[in-house]
Amino acid sequence: MKQRSFVMLKPDAVKRRLAGEVLTRFEKRGLKIIATKMMIIDSDLAKKHYGEHSEKPFFKDLVNYIISGPVLATVIEGEECISLIRKMVGATNPQEADLGTIRGDYAIDTGRNIIHASDSPASAAREISLFFEDSEICEYTLPDEELIYEEP
Ligand code: GDP
Ligand code: MG
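Residues numbered from 1 in each chain as written. Chains lettered and ligands numbered in written order. Predicted model: local features only at pLDDT ≥ 70, side-chain atom pairs only at ≥ 80, totals over all residues.

What follows covers the confidence of the model for the chain. Overall, the predicted model of the chain reaches an average pLDDT of 98, with 100% of residues at or above 70. Averaged pLDDT values for the elements of the chain fall to 96 in helix H8 (residues 145-148) and rise to 99 in strand S4 (residues 115-117). Both scores are given for the predicted complex: the pTM is 0.98, the ipTM 0.99. (pLDDT = per-residue confidence, 0-100. Helix = DSSP H or I, 4+ residues; strand = E, 2+ residues; numbered from the N terminus.)

Written out as structure tokens, the structure reads:
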């Protein structure tokens, strides 16, 4: 099933100049970037985005981390892409993330794990609508879809 996922390169990724390299991984996999923008998140939006963690002891640090610089908010589309992207991202704690995953290759600390990706279709829908207007999402067909999917 075709899905959309909300993927966000966190401020550490942008400041470490890893944004292009990370997005390239998704492109090379065959996934389609359908929206992206650089923005500095305010604390209201950060708190909404991470609302499920509001009672956790790390919540304040998490909000401060995510508002500490520009992020690259992105929507990615592809077959079953929500779980596919989570696998590419790797475990929340980069020290437990497999080599070959984004966190396993580029990060060390849980509190500086460079990327966010939606964990379910419901989260994806919520997060996409939090960050993007419908008009900011671009619908288009990739010319090589039959090379990526058996049944495009
Ligand atoms: P994710 O879905 O893999 O990003 O992980 P979670 O949804 O569980 O947590 C959201 C984000 O909060 C993580 O990506 C981390 O940036 C941060 N986080 C989670 N657990 C901890 C923790 O124990 N300490 C700190 N400092 N940050 C955490
Ligand atoms: Mg999460």
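Moving on, we get to helix H7 (residues 121-131). Listed as buried for H7 are Ala124, Glu127, Ile128 and Phe131. Taken around the axis of H7, the buried residues stretch over an arc of 100°, which confines them to a single face. Within H7, the exposed residues directed more than 90 degrees away from the buried face are Ala122 and Ser129. Against the buried residues of H7 lie strand S1 (2-9), helix H3 (43-49), strand S3 (71-79) and helix H5 (81-89). (Buried ≥ 20, exposed ≤ 12 C-beta atoms within 10 Å, placed from the backbone. Arc of directions from axis to C-beta. Contact = placed C-beta atoms within 7 Å.)

Moving on to the site of ligand 1. By nearness alone, every residue bordering ligand 1 is listed as His53, Phe58, Asp61, Leu62, Thr92, Thr110, Gly111, Asn113, His116 and Asp119. Of the residues in the shell around ligand 1, the class split is 2 nonpolar, 6 polar and 2 charged. (Near = placed C-beta within 6 Å. Nonpolar A, V, L, I, M, F, W, Y, C, P; charged D, E, K, R; others polar.)

Let's shift gears to the UniProt feature "binding site: ATP" (unreviewed entry) in the chain. UniProt feature "binding site: ATP" (unreviewed entry): in the numbering of this structure it lies at Lys10, Phe58, Arg86, Thr92, Arg103 and Asn113. Mapped onto the secondary structure, Thr92 falls in the loop between H5 and helix H6 (102-106). Those residues in contact with Thr92, other than ones at most four positions away along the chain, are Thr110 and Asn113. Among the secondary structure elements, Asn113 is positioned in the loop between H6 and S4. In this view, Asn113 contacts Thr92, Pro94, Arg103 and Ala107; residues no more than four positions away in its chain are not counted. (UniProt positions renumbered as here; feature names shortened; annotations may be inferred.)

Attention shifts here to H5. Inspection of H5 places Cys81, Ile82, Ile85, Met88 and Val89 among the buried residues, and these make up the whole buried set. Down the axis, H5 shows its buried residues gathered within 125° of arc, on one side only. Positive phi appears at Gly90, one or two residues downstream of H5, with a value of about 90°.

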